[in-house]
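Chains, contacts and geometry: an overview
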Amino acid sequence: MITLAIVKPHCLKNPIAYQTIQQMLIESGLKVVARKRINLSRDEAEKFYEEHRNKFFFRRLVSLMTSGPSEVVLLSGNDAIQQWRNLMGPTKVLKSVYSHPACIRSCFGLTDTRNATHGSDSEQSVMIERQFFFGDATQ
């Protein structure tokens, strides 16, 4: 199974955060299938996060995702979607600090928007997000 992961800009700007996330990935047993650094334009970020357009955090999320490079990674492994989501931890950073203190978001999330990483939530999302970032190059 494949999943898509994004390391958000504030974690790429922090070498300790980035290296620790990479080490956590290695230790998880997930394998990197493809990896690339991208600088999302405002239009691209708005398109990618379209499902959140009417939510209060949309503008902050787009602003974050266009603030610098992100790293987009395709990961493979048994139950990769759930495995990556477990490694990331809950979306809400404060909750993750108490419920999952060793997860990525607990360690490196700053706010619920700047929560360190993104992960696909279903096989359908993986297909859409993979196409968005990699086109047909990884088929």
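Whatever comes next refers back to the structure up there.
Residues numbered from 1 in each chain as written. Predicted model: local features only at pLDDT ≥ 70, side-chain atom pairs only at ≥ 80, totals over all residues. Heavy atoms only, no water.

What follows deals with the state of the cysteines. Overall, the coordinates contain zero disulfides when judged by the stated rule. Summary of cysteine pairing: Cys11 is not part of a disulfide, and the nearest cysteine sulfur, belonging to Cys107, is at 10 Å. No disulfide involves Cys107; its sulfur sits 6.6 Å from that of Cys103, the nearest cysteine. Among the residues examined, Cys107 registers a relative accessible area of 42% and is labelled partly exposed. (Disulfide = S-S within 2.5 Å. Buried < 20%, exposed > 50% of the residue type's maximum accessible area, 1.4 Å probe, protein only.)

Moving on to a nonpolar patch on the surface. A surface patch of nonpolar side chains, about 360 Å² in accessible area, is lined by Leu94, Val97 and Tyr98. By secondary structure assignment, the location of Leu94 is in helix H6 (residues 93-99). (Patch = residues over 30% accessible without salt bridge, like charges linked within 9 Å, V, L, I, M, F, W, Y side chains within 5 Å. Areas by Shrake-Rupley, 256 points an atom, 1.4 Å probe, with all protein chains shown as cover. Salt bridge = Lys/Arg side-chain N within 4 Å of Asp/Glu carboxyl O. Helix = DSSP H or I, 4+ residues; strand = E, 2+ residues; numbered from the N terminus.)

We now examine unusual backbone geometry. Phi at Asp79 takes a positive value of approximately 50 degrees, unusual for a residue other than glycine. Within the secondary structure layout, Asp79 lies in the loop between strand S3 (70-76) and helix H5 (80-88). Phi at Ala116 takes a positive value of approximately 85 degrees, unusual for a residue other than glycine. Locating Ala116 in the fold gives a position in the loop between helix H7 (104-108) and strand S4 (117-119). A relative accessible area of 0% places Ala116 in the buried class.

This next bit is on the nonpolar core. The nonpolar side chains of a soluble globular protein tend to be buried with one another. Core analysis: the largest hydrophobic core is formed by 19 residues, its most contacted members being Cys11, Leu75, Trp84, Ile104 and Phe108. Of all the secondary-structure elements, those providing two or more residues to this core are strand S1 (2-7), helix H1 (9-12), helix H2 (15-28), S3, H5 and H7. When residues in this core are grouped by element, the largest group, five residues, is from H2. In contact with Phe108, other than residues within four places in its own chain, are His10, Cys11, Ile16, Ala17, Thr20, Ile21 and Ala116. Of all hydrophobic cores here, the second largest spans 17 residues; its members include Leu4, Ile38, Ala45 and Phe134. (Core = buried A, V, L, I, M, F, W, Y, C linked by side-chain atoms within 4.5 Å. Contact = heavy atoms within 4.5 Å.)

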